[in-house]
Amino acid sequence: MPGPRAVARPSLSHRLAWALLLPGVATAQTVDADTAREPEAAALVAPAEPEPQPEPPRDTRTVVTATRLPRPLRDVPATTVVIPREEMERSPTLTQDALIRTLPSAATFRRTPSLVADPTAQGLNLRGLAPSGVARGLVLLDGLPFNDPYGGWVFWRALPRLGLDRVEVVPTGGSALYGSAALGGVVQLFSRPITGPVLDVDLSAGNLGTGFAAARIADRWGRVGASLEVEGLTSNGYRIVPEGQRGRIDGDTPSNHVSAQARVEAAATDRLSLSARAGVFRETQNGGTQYTVASVDLMWFAANARLRTDAGAFELGLHGRTQHFAQDRARVAPDRNFEIRSALQDVPADDQGGSLVWTGPELTLGGTHVLAAGVDVRRSHGRADEVLFPASYTATTLYARNTRGTQLSGGVFVQDLYTVSPAMEFAGTLRWDTWRNFDGSQLESFANGTTTATAFEPRTARQLSPRLAARVRPLEWLTLRASAYRAFRAPTLNELYRPFQVGTVLTAANPDLGAERLWGTEAGVEATGPRGLTGRVTGFWNVLDAPVTNVTLATPLPDGATRQRQNLGRARVRGVELGADWRMSRQWTALAAYTFVDPVVTRAPGQPDLVGRQLPQDPRHRGSLAVTFDDPRIVSVTAQLRVFGPQYEDDLNTRGMGGAAVVDLFVSRHLFWKVDAFGAVENLFDRQYLAGRAGVDTLAPPFQARVGLRLRDVFSESSARAAPGAPGR
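Conventions and cut-offs
Residues numbered from 1 in each chain as written. Predicted model: local features only at pLDDT ≥ 70, side-chain atom pairs only at ≥ 80, totals over all residues. Heavy atoms only, no water. Helix = DSSP H or I, 4+ residues; strand = E, 2+ residues; numbered from the N terminus. Buried < 20%, exposed > 50% of the residue type's maximum accessible area, 1.4 Å probe, protein only. Contact = heavy atoms within 4.5 Å. Salt bridge = Lys/Arg side-chain N within 4 Å of Asp/Glu carboxyl O. Pairing = 2+ DSSP bridges. Patch = residues over 30% accessible without salt bridge, like charges linked within 9 Å, V, L, I, M, F, W, Y side chains within 5 Å. Areas by Shrake-Rupley, 256 points an atom, 1.4 Å probe, with all protein chains shown as cover. Phe/Tyr/Trp six-rings, centres within 6.5 Å; stacked < 30°, edge-to-face > 60°. Lys NZ or Arg CZ within 6 Å of the ring centre and 35° of its normal.

Q: Help me understand the overall build of the protein chain in this model?
A: Helices and strands together make up the secondary structure of the protein chain, namely five helices and 41 strands. Out of the 729 residues belonging to the protein chain, those deemed buried represent 57%. Sequence separation of 24 or more characterises 66% of the internal contacts of the protein chain that already satisfy a separation of 6 or more.

Q: Quick question: what am I supposed to make of the pattern of salt bridges here?
A: Applying the stated criterion to the full structure yields 49 salt bridges. Here D297 ties to R282 by a salt bridge, and the two come within 2.5 Å at their closest N and O atoms. You can see D297 sitting in strand β15 (residues 293-309) and its partner R282 sitting in strand β14 (residues 272-286), a full 15 residues away along the chain.

Q: What is the right way to read the pairing of strand β13 (residues 255-267) from this model?
A: One face of the sheet, then the other: side chains in a regular strand alternate in exactly this way. For strand β12 (residues 224-235) and β13, the ladder comprises 12 bridges, and the chain directions are antiparallel. Among the inter-strand pairings, L233 is bridged to a residue of β13, identified as H257. By the bridge criterion, 13 bridges tie β13 to β14 in an arrangement that is antiparallel. Paired with R263 across the bridge in β14 is R277. The hairpin formed by β13 and β14 contains four residues between the paired strands.

Q: Any chance you could explain a nonpolar patch on the surface here in plain terms?
A: A surface patch of nonpolar side chains, amounting to about 980 Å² of accessible area, comprises F301, L307, F314, L316, L318, L356, V375, V412, V414, L430, W432 and L464. Going through the elements one at a time, β15, β16 (312-332), β20 (398-421) and β21 (424-446) are the ones with two or more residues in the nonpolar patch. Counting residues per element, the nonpolar patch draws most heavily on β16, which supplies three residues. In this fold, L307 is placed in strand β15.

Q: How should I be thinking about the environment of G428 in this particular structure?
A: Relative to the elements of secondary structure, G428 occurs in strand β21. Through-space distance from the C-alpha of G428 to that of T67 is 9.8 Å; in sequence the pair is 361 residues apart. Filtering out sequence-adjacent residues up to four positions away, G428 remains in contact with V414, Q415, D416, R467 and L468.

Q: In this structure, what is going on with the side chain of H369? I would like to understand it.
A: Position of H369 relative to the elements: it lies in strand β19 (residues 368-388). If near-sequence neighbours (up to four positions away) are discounted, H369 is found in contact with P361, E362, L363, D416, L417 and Y418.

Q: What should I look at first to understand the sheet that holds strand β9 (residues 186-191) in this one?
A: In spatial order, the strands read β3-β8-β9-β6-β7; together these five strands make up an open sheet with mixed pairing. Looking along the sheet, the strands with just one partner apiece sit at the ends: β3 (81-84) and β7 (144-145). Of the strand pairs in this sheet, strand β6 (residues 138-141) and β7 are connected by two bridges, and their pairing is antiparallel. Note on β7: the bridge partner recorded for L141 is L144.

Q: Explanation requested: unusual backbone geometry in the structure shown.
A: Generally, phi is negative for residues other than glycine and the peptide bonds are trans, each holding for most cases. The omega angle of the peptide bond from G196 to P197 is 0°, so this bond is cis rather than trans. Along the chain, P197 falls in the loop between β9 and β10 (198-206). Despite not being glycine, D142 shows a phi value in the positive range, around 50°. Within the secondary structure layout, D142 lies in the loop between β6 and β7. Despite not being glycine, W673 has its phi angle at roughly 45°, a positive value.

Q: Would you take a moment to explain the packing of aromatic side chains for this structure?
A: Going through the model one piece at a time under the given rule, you end up with 10 aromatic pairs. Relative to Y497, the ring of F456 has its centre 5.4 Å away and its plane inclined at 25°; by these criteria the two rings are stacked. Residue F456 is located in the loop between β22 (451-455) and β23 (459-475), and its partner Y497 is located in helix α5 (residues 493-497); the two are separated by 41 residues in the primary sequence. No difference in accessibility class separates F456 from Y497, as the two residues are buried. Between F666 and F678 the ring centres are 5.9 Å apart and the planes differ by 20°, which places this aromatic pair in the stacked class. Within this pair, whereas F666 is found in strand β37 (residues 660-672), its partner F678 is found in strand β38 (residues 675-682), the two being separated by 12 residues in sequence. Of the two residues, F666 and F678, both sit in the buried class. Site record: aromatic cluster; members linked through ring pairs are Y150, W153, F155 and F325. When the ring centre of F146 is taken as origin, the NZ or CZ atom of R321, which lies over that ring, is 5.5 Å away. Directly above the ring of F678 sits R710, whose terminal nitrogen or CZ lies 4.5 Å from the centroid.

Shown next, in the form of structure tokens:
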């Protein structure tokens, strides 16, 4: 890290005062030109480059997630998608989950964004791997696990965008490096480096009562740097139930959130660096009626130390969080003109964890080897306190249920990156995991004053996860990749112990669930042609054994549950991804991506009707096309088309939902000094399509538009704008 500057500089407060008093002062501008499109990041495009720094070649752009080590993107022996900061700035999307869904290989559960979706229905799935509210992919923030410790959900709105540098997506089984939560792959968000002093501000407002404000301030004092980021969003949402099914109880879906996170880093010595961060988050969400309300309160921290020695680098990470999730459920009349509260749940949870990773020095033996090894451990605890309001009471009516449990997990891995020559590289990884569910219990209270206590037997399980990958470059313009892997996901405390309801459908928990297991392989080719044309084709084949699925029961359970979580036999998920990007000129760029997934149940003991059925909540076809015109002297415009095919709500494939084509638009124009104006539109032509059919049909988001201002790099020595569209000097 840089040491103190040789000359004195104004304090941060003095710079802020001058910035507010002299907004018209501008000096020469520079632009970061590292904005080339990475595979599948189909939403947005690189800006034009007035007097740019030379764009780094693709083989010098470093990524981390696929190998847990910094590697040039072009050399990584696994499919890796990167969304750089410049593309986030151009995205018409407002939340992180909507941004991730612009990649055809990525989706969240159902088609509704976190702007209106219940916090427990925001699970991530990659390449159609058995979507559910529980994420089958791991989400990391600078290496910190961000999946909910109790339910495996992802609270996307707790991940502010202004402080992000890039997003890396690895859509293949990642358990060999990351353990249970990485069954279907990994999405990692990386924070911007702390430089300074820097102040960035975003303000926007739009229809549907949408208001957004975010700010980030950072500075560095010699070896020490610090940043603070805050964000707030409010929205009235929209009427999520179609007009033909809507009753008097149905209204808008208002939501709001606030978040803040602070980060400090220091170079204690030339070889030892330290960092710490903490964050808070509060979200409230209304599902469209008086008694469909959910809220999340979250606090988290992380600390990291990295030591470089002659024997290699050692990195120690610690993290923890505490949270509270609360949810009302409703009993709705068939005509939707009347509702009463059917249940109230409170779910407090906490977790703590740590990891230690060693990266060895480069060894020479028939080529070069870089060894890495690590160990990690995590403890998660939570309970669900539920009060029920049944339609009628008898002496044996259940009116309260309290469940709890603890999960302790840990793993150890070793990896060898073996570079035979610049044209050939292999990566071999092996990981062993163990986990134990214990302290599981359930207490049921009945109307006659009696109670029934059930203690669930502790259960321990283990898993071995290997992975082998290769990258070959027979010609400078041609790269071949292939990998084979085994992955797993242990059931969450939520799946084991907590029942839930969507619409009129009640789904029961199952304390006897086992782990899901995945065997998979992928192979792909990437070719670079003339005039900036790049094409990619990747085929994949996954077999998911014993996936946890919400299975429709032949006979409802005593509490009225018509579905239950079960380990459903086996499913085969195969498909192909295509991608191309073309920089036609300095002003024009075109991008296209397409993912085909064929997810079919191949074995279902006790449920023969499910064999041959398509896994629900994910279409077979999904694609995107984006075109950008970017002339800093005029305007920056990105038009994007997203297309997705039909899909099913349920495991029996009886509740179908049609496909749709949606157009999004982003426009940016530099105004003066360091201020840009922008406009963003999602679903430009107000295309109406279904998002869910769980008892009642629900709609995906309608036309959404917003306009805003961006203030960038207020304290920088130049007046360069970080967002697209500023005139060159």
